[in-house]
Amino acid sequence: MLVLVPLSLFQTIWRLSTGSETSQVINGILVLAPAGWPEVAVTALLWTWALTAGVFVLGRGAPRPLRRALPVLPTAFGALLVAGAVVVAGILLLGLALPADPAVFGAVAVGLALSVAPILVRLALVVPVAVFDGIRGMTAYRTASALVRGRVWRIGFLLLLGLAAPAQLAGWALAWTERAAEGHLVGLALWLIKDVVLVALVALQASTLVAAYRKLPAGQLLWGAKQEEWQTSRVQGRFRRMALPIALAALLLPTVLAGGVVASERLPEVAVQESRDPSASQPGLLPVFTQLFAVGWPAGRHPVIVGHSTVYDCLDDWCRAIQRTKLSVTVDDRTGGAVVAPDGSVFALGDYQLEHCDAQRVCRRRDGMDRALIGSRASAIALAPSGEILIGTAIPVGPQKSGGGSVAREPAAVELGLRLCRDVFCVRPTVISFGVVQTSLKWTQEAWRERLLAVGTDRAGRPVIAFRSPSTGAVSVGWCTTTACDSAHLAPPSDPRQPGMPSNEELALLHFDDMFDCLKDTCGSDEPVATIDRPQGGVYGVGIERNPPQRVGVQVGQSAPQPRRAVLLSCADYLCRHPRRTPLVELPPSFSNVPSRTPTDIWLMAANPDGRVVLAQRSTARIITVRP
């Protein structure tokens with residue numbers, strides 16, 4: 001106890017100080033950064049000390065076991081290091097059998113295990129031999145080898161059940177519980193349970209080593225000879241009576257430290273609400289196939305999410321429960337869209353109609369379809385800072401292509417337009433035409449890029465529209481010279497730019513993320529897939545990066561897919577050169593060595609004025625809220 005409690009405190013403080021960027025609170029549970037090599041070395045040393053002291057207590061009933069274990073510690077720790085080296089060498093030798101079919105690989109693995117196991121059994125018995133026989137170094141190893149001769153497999157099976165298997169099972173159980181649990185009180189209880197499990201694990205391993213020593217014929221003789229009567233003073237007796245209360249109080253120290261770290265709100269806090277699979281009775285927030293179109297987090301309200309035909313209002317800041325409001329229109333991928341206003345109201349564009357749901361979720365729309373929207377092959381919606389509704393359209397115009405008498409026809413050009421609405425039903429909009437783009441509307445682009453049209457306003461409040469050709473991928477940008485759009489222009493975003501055309505920085509700050517490949521001088525594979533303005537200045541972004549597993553393993557057959565994860569990037573400006581990263585969730589793996597974008601990498605984002613962020617994976621209905 002006097003070793004394991006300081007060890008737990010050391011691990012917590014060390015990881016908080018060296019891995020503050022990756023330590024965070026996830027669903028109310030304090031999750032520390034992965035352990036580094038210095039921490040692993042210190043943990044192995046202190047664990048060996050505690051284990052050796054446990055053998056002294058359980059095997060000999062000796063007082064002051066930690067002090068008595070110190071002379072044995074170099075021998076015990078040396079045995080542990082040699083055992084680790086043997087295991088690593090076995091894994092490296094196993095790698096020489098690759099590539100191979102599973103049958104050959106399995107045969108080689110069994111052969112190596114049978115060769116390595118006797119060495120590990122002898123090394124494990126070094127600890128009780130050093131404790132009971134008082135010998136050190138190589139002499140202890142030779143004595144252990146002599147004692148175990150002829151009984152390697154019986155002792156090995158006992159050590160497997162009491163030494164190796166409990167450690168592996170405890171690690172798996174704690175990791176699974178950490179992922180499944182949520183809530184601050186549950187997190188503190190989990191932290192306390194972890195320390196209790198570690199103490200129980202050391203006691204079990206120590207008792208296993210004692211039992212293994214007693215199984216040896218020579219060990220039974222030595223056991224009887226080594227029993228000692230320890231004289232205890234009055235002070236020591238009083239300390240023993242107080243040992244249990246002191247131990248319970250000490251066990252609470254790491255939990256109190258973890259609770260203080262969580263309560264201080266100095267670490268990022270992430271809450272993940274997974275999608276729900278109705279067929280599997282799986283718990284979750286939204287059905288797994290729900291497609292999302294907009295998110296918002298207005299001041300003084302909880303997050304708001306808009307799906308195909310439903311508005312989802314979160315009932316708390318972490319979206320653990322929602323209230324549904326049914327829309328009378330169905331939002332479509334190409335010809336629809338949605339936006340959440342600063343007051344919490346929602347505008348949904350679908351079925352060629354505009355529906356408005358006020359902050360109290362009273363939803364209304366104008367009767368009949370908007371004729372101007374019926375002909376549009378792509379539509380987008382946004383709100384201007386002054387409150388006007390912007391609806392972008394892409395209407396096929398010009399001659400039609402046809403070949404060989406075929407009845408199939410394709411538009412040869414697209415007219416980009418804007419409807420500037422000053423009322424919630426867009427009864428008398430101002431209609432602006434940016435011009436015509438010569439392009440086919442045949443879809444041939446990558447599957448993950450679903451958006452053809454985007455609309456918004458620049459920092460001066462002037463409307464801007466962007467259209468990406470589905471056949472060539474070329475992007476055209478339309479912009480207005482005033483907020484009322486008295487004059488409109490259209491051109492590709494190439495150099496030299498036309499006078500008045502938005503710069504790359506202005507285009508980047510529009511957050512038309514999936515419309516442009518790169519708007520910076522140098523770009524890499526780690527560019528954000530979505531961005532929004534950061535209330536404190538700069539931008540927030542979602543990045544997709546490799547997530548190497550924190551373990552050593554061997555992969556048989558084809559190369560393993562590369563694990564990936566999504567991270568929240570807090571950037572000082574749109575260049576996002578040195579962002580602060582907050583890990584979010586793991587993503588489906590990729591077989592490429594370079595992080596690639598897939599349809600699951602389309603993200604929606606919104607920021608509360610206080611800096612908190614709500615994110616949604618559009619195609620998986622996963623909702624994430626973050627306090628950076």
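Residues numbered from 1 in each chain as written. Predicted model: local features only at pLDDT ≥ 70, side-chain atom pairs only at ≥ 80, totals over all residues. Heavy atoms only, no water.

### Points about the overall build of the protein chain
Inclusion rule: The way it works is that DSSP assigns letters per residue, a run of H or I at least four long becomes a helix, a run of E at least two long becomes a strand, and they are numbered from the N terminus. Accessible area is worked out with a 1.4 Å probe on protein chains only. A residue is then buried under 20% of its type maximum, exposed over 50%, and partly exposed in between. We call two residues in contact when some of their heavy atoms are within 4.5 Å. To be clear on the numbers: accessible area is Shrake-Rupley with a 1.4 Å probe, and residue cover counts the displayed protein chains and nothing else.
Per the secondary structure count, the protein chain includes 14 helices and 26 strands. Within the protein chain, the fraction of its 628 residues that count as buried is 47%. Here the contacts in the protein chain between residues at least 6 apart in sequence split such that 57% fall between residues at least 24 apart. When the accessible area of the protein chain is evaluated, it comes to approximately 30,700 Å², of which 60% is carbon and sulfur surface.

### Overview of helix H5 (residues 102–124)
For clarity, the cut-off: To estimate how far a helix should extend, the number of its residues minus one is multiplied by 1.5 Å. We define the bend at any residue as the angle between the axes fitted to the seven residues before and including it, ending there, and the seven starting there.
Taking 1.5 Å of rise per residue, the 23 residues of H5 would be expected to cover 33 Å, and the 31 Å separating its terminal C-alpha atoms lies within 8% of that figure. Val116 marks where H5 bends most, by close to 30°; the proline Pro118 follows one to four residues later. Buried within H5 are the following residues: Phe105, Val116, Pro118, Val121, Arg122, Leu123 and Ala124. In this structure, the buried side of H5 is in contact with helix H4 (73–95), helix H6 (126–133), helix H7 (137–148), helix H8 (152–180) and helix H9 (184–214).

### What about the sheet that holds strand S2 (residues 29–31)?
To be explicit about the condition: Note: two strands are recorded as paired if DSSP finds a minimum of 2 bridges between them. Simply put, an axis is a line fit to the C-alpha atoms, just over the touching stretch for a helix, and the angle between two N-to-C directions goes from 0 to 180 degrees.
Ordered in space as S2-S1-S3-S26-S25-S24, the 6 strands form an open sheet in which the pairing is mixed. For this open sheet the edge positions go to S2 and strand S24 (603–607), each flanked by a neighbour on one side alone. For this sheet the average axis-to-axis angle between neighbouring strands, irrespective of direction, equals 20°.

### Remarks on the state of the cysteines
Each disulfide is one covalent bond, formed between the sulfur atoms of two cysteines. For clarity, the threshold we go by: Here, two cysteine sulfur atoms that lie within 2.5 Å of each other are counted as a disulfide.
The tally for this structure, following the rule as stated, stands at 5 disulfides. Across the disulfide, Cys314 is cross-linked to Cys319 (sulfur-sulfur distance 1.8 Å). Torsion about the S-S bond of the Cys314 and Cys319 cystine: about 75°, corresponding to right-handed handedness. Per residue, the accessibility class of Cys314 equals that of Cys319, and both read buried. The disulfide partner of Cys421 is Cys426, and the S-S distance across this bridge is 1.8 Å. Every disulfide takes its handedness from the sign of the S-S torsion; for Cys421 and Cys426 that torsion is -45°, giving left-handed. With a relative accessible area of 2%, Cys426 lands in the buried category.

### Quick word on the pairing of strand S16 (residues 453–457)
With 5 of 5 residues buried, S16 lies mostly within the body of the structure. Side chains Leu453, Val455 and Thr457 of S16 all project onto a buried face; the interleaved residues Ala454 and Gly456 project onto the opposite face, where all are buried too. For S16 and strand S17 (residues 463–468), the ladder comprises 5 bridges, and the chain directions are antiparallel. Along S17, the bridge assignment pairs Leu453 with Phe467. Hairpin geometry of S16 and S17 is characterised by an intervening segment of 5 residues between the two adjacent antiparallel strands and by a positive phi of about 85° at Gly461.

### Brief notes about the sheet that holds strand S9 (residues 346–350)
With antiparallel pairing, 4 strands are arranged side by side in an open sheet as S8-S9-S10-S11. Since the sheet does not close on itself, it has two edges, and those belong to strand S8 (337–340) and strand S11 (363–365), each with one partner. Adjacent strand axes in the sheet meet at a mean angle of 15° when their direction is disregarded. In terms of strand pairing, strand S10 (residues 353–357) meets S11 through 3 bridges, oriented antiparallel. Counterpart to His356 in the pairing with S11 is Arg364.

### Brief notes about the pattern of salt bridges
Note the threshold: Each salt bridge in this description consists of a side-chain nitrogen of Lys or Arg and a carboxyl oxygen of Asp or Glu lying within 4 Å of one another.
The final tally for this structure, using the stated rule, is 12 salt bridges. With a shortest N-O distance of 2.9 Å, Glu39 and Arg15 are connected by a salt bridge. Of this pair, Glu39 sits in helix H2 (residues 37–60) while Arg15 sits in helix H1 (residues 4–18), and the two are 24 residues apart along the sequence. The shortest N-O distance in the salt bridge between Glu274 and Arg622 comes to 2.9 Å. In this pair, Glu274 is assigned in the loop between strand S3 (269–273) and strand S4 (292–296) and Arg622 in strand S26 (residues 622–627), connecting sequence segments 348 residues apart.

### Description of the environment of Ile135
With respect to the helices and strands, the residue Ile135 is situated in the loop between H6 and H7. The contact partners of Ile135, leaving out residues within four places of it in the chain, are Val129, Ala130, Ala140 and Thr143.

### Re a nonpolar patch on the surface
The line we're drawing: Each patch is built from residues lacking any salt bridge and having more than 30% relative accessible area; the joining distance is 9 Å for like charges and 5 Å for nonpolar side chains (Val, Leu, Ile, Met, Phe, Trp, Tyr).
Together, Val110, Leu114 and Trp153 make up an exposed nonpolar region whose accessible area comes to about 330 Å². Mapping Leu114 onto the fold places it in helix H5. We classify Leu114 as partly exposed; its relative accessible area is 48%.

### Re unusual backbone geometry
The phi dihedral of Asn27 is positive, around 50°, even though this residue is not glycine. Here Asn27 falls in the buried class, since its relative accessible area comes to 16%. Positive phi, close to 60°, is recorded for Cys485, a residue that is not glycine. The residue Cys485 is located in the loop between strand S18 (475–480) and strand S19 (488–491) in this model.

### Brief notes about the confidence of the model for the protein chain
The test is simple: You can read pLDDT as the predictor saying how much it trusts each residue, on a scale of 0 to 100.
For the protein chain, mean pLDDT is 82; residues scoring 70 or higher make up 84% of the total. Within the model, pLDDT remains below 50 along residues 223–227, and this stretch shows 9 contacts once partners closer than five positions in the same chain are excluded. Segment residues 229–236 is flagged for pLDDT under 50; beyond a separation of four residues in sequence, or across chains, it makes 8 contacts in the model.

### A closer look at the environment of Val585
If you trace the backbone, Val585 turns up in strand S23 (residues 580–590). It is 8.8 Å that separates the C-alpha atoms of Val585 and Ile624, two residues lying 39 residues apart in sequence. Once residues lying within four places of it in the same chain are set aside, the contact partners of Val585 are Val272, Arg565, Ala566, Trp603, Arg622 and Ile624.

### Thoughts on the packing of aromatic side chains
Heads up, the condition is: In this analysis, rings of Phe, Tyr and Trp, with Trp reduced to its six-membered ring, are considered paired at centre separations within 6.5 Å, and the interplanar angle assigns stacked below 30 degrees, edge-to-face beyond 60, and tilted for intermediate values. Only when the NZ atom of a Lys or the CZ atom of an Arg is both within 6 Å of the ring centre and within 35 degrees of the ring normal do we say a charge sits over the ring.
Applying the stated criterion to the full structure yields 2 aromatic pairs. Aromatic pair Phe132 and Tyr213: ring centres 4.7 Å apart, planes at 35°, arrangement tilted. Placement of the pair is Phe132 in helix H6 and Tyr213 in helix H9, with a sequence separation of 81 residues. Take Phe132 and Tyr213: they sit in the same class, and that class is buried. Across the ring face of Trp191, the terminal group of Lys194 is positioned such that the distance to the ring centre comes to 3.9 Å.

### Remarks on the packing of H5 against H6
Put simply, the test is: Roughly parallel means an angle under 35 degrees; roughly antiparallel, over 145; roughly perpendicular, 65 to 115; everything else is oblique. Amino acid classes used here: Ala, Val, Leu, Ile, Met, Phe, Trp, Tyr, Cys and Pro are nonpolar; Asp, Glu, Lys and Arg are charged; the rest, including Gly, are polar.
Relative orientation of the contacting elements H5 and H6 amounts to 30°, with a least axis distance of 4 Å. By the angle between their directions, the pair H5 and H6 is classed as roughly parallel. Each of Arg122, Leu123 and Ala124 in H5 lies in contact with H6, whose residues at this interface are Val126, Val127 and Pro128. Taken together, the residues that form the contact of H5 with H6 break down as 5 nonpolar, no polar and 1 charged.

### Considerations on the packing of H6 against H9
Here H6 crosses H9 at 75°, and the two axes come no closer than 9 Å. Classified by the interaxial angle, the pair formed by H6 and H9 is roughly perpendicular. Contacts between H6 and H9 involve Val127, Pro128, Val129, Phe132 and Asp133 on the former and, on the latter, Leu209, Val210 and Tyr213. Taken together, the residues of the contact of H6 with H9 break down into 7 nonpolar, no polar and 1 charged.

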